[in-house]
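Structural description and commentary
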Amino acid sequence: MIWLTILIWLVFLVLTIRQVSYAWVRFLPLIGALPGLMVLIAENTAQGVFSTTEYALFVLSILLLIISVILLRRNRQRAIWGIGSAVVVLLLTMIMPVLAARGTLSNEASSLPPLPEATLTMNQIARDVYDQVLAIVSTETGLQPEVISQLLDSGEASVADMVRQADGDLEVVIQGITDVMTNAVQDLAAQGRMDETEAAFAISAMQTVVRLGVEFDLTGLMSRFEE
């Protein structure tokens, strides 16, 4: 469906640049936004995360916004429609994953049983998350968790380096780490130990943050769970 958005927006820009005078052309930016927004809504109904759809719509709306601003002198009315449509798509692309993640957190919080008196500290939670992450990397690389931890602490290799050298599946590692960290954030928010809005932002951007972490600094990524 994203390709349909691209096609309609391209038609709008070509017709505007060539100064084709059909009145309906002004509505093309809004019409073109609808297929992309439908995909955005469908994806975030299942899970509120920034994925390929969000990145594609973000880039496309930025491009439409820039080109529409440039076209203001040529056809002000059409350019305003282009700017307005781009801004709407841009805002919804950034907001919807966060709102979807917040809704999921609220549902989980309402179904969570009362907290026991003895609760793990944030450092203990961070240690547990880190151990699970090491286990995921170990499965794909064949290295012992202790060896992986030493390599990460010393900065000799990133997670991505280790997985590639072992011919492992980096996407499996990224998804596994994303799931572990997302579950940890959801639990903290559901227990009232983390602000829901902050947790929603963290969850929606988790896969992107993890993807950067495995390439560069995974230990820095783990520090968000420490006190």
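That block above? That's the structure.
Heads up: these notes are all about the structure in this document. (Residues numbered from 1 in each chain as written. Predicted model: local features only at pLDDT ≥ 70, side-chain atom pairs only at ≥ 80, totals over all residues. Heavy atoms only, no water.)

Focus: the overall build of the chain
A tally of regular secondary structure across the chain gives 11 helices and zero strands. The order of α-helices and β-strands along the chain, N terminus first, is α-α-α-α-α-α-α-α-α-α-α. Within the chain, the fraction of its 227 residues that count as buried is 42%. In the chain, 70% of the contacts between residues at least 6 apart in sequence involve partners at least 24 apart. Taken as a whole, the chain presents about 12300 Å² of accessible surface, with 61% of it coming from carbon and sulfur. (Helix = DSSP H or I, 4+ residues; strand = E, 2+ residues; numbered from the N terminus. Buried < 20%, exposed > 50% of the residue type's maximum accessible area, 1.4 Å probe, protein only. Contact = heavy atoms within 4.5 Å. Areas by Shrake-Rupley, 256 points an atom, 1.4 Å probe, with all protein chains shown as cover.)

Regarding the side chain of arginine 78
Position of arginine 78 relative to the elements: it lies in helix α4 (residues 76-111). If we ignore the near neighbours within four places in the chain, the residues touching arginine 78 are Phe12, Leu15, Thr16, Val20, Ser21, Tyr22, Val25 and Arg26.

With respect to a nonpolar patch on the surface
A cluster of nonpolar side chains, namely Phe58, Val59, Leu63, Val87, Leu91, Met94, Ile95 and Leu99, defines an oily patch on the protein surface of about 660 Å² accessible area. Contributions of two or more residues to the nonpolar patch are made by α3 (52-70) and α4. Counting residues per element, the nonpolar patch draws most heavily on α4, which supplies five residues. Within the secondary structure layout, valine 87 lies in helix α4. Judged by its relative accessible area of 33%, valine 87 is partly exposed. (Patch = residues over 30% accessible without salt bridge, like charges linked within 9 Å, V, L, I, M, F, W, Y side chains within 5 Å. Salt bridge = Lys/Arg side-chain N within 4 Å of Asp/Glu carboxyl O.)

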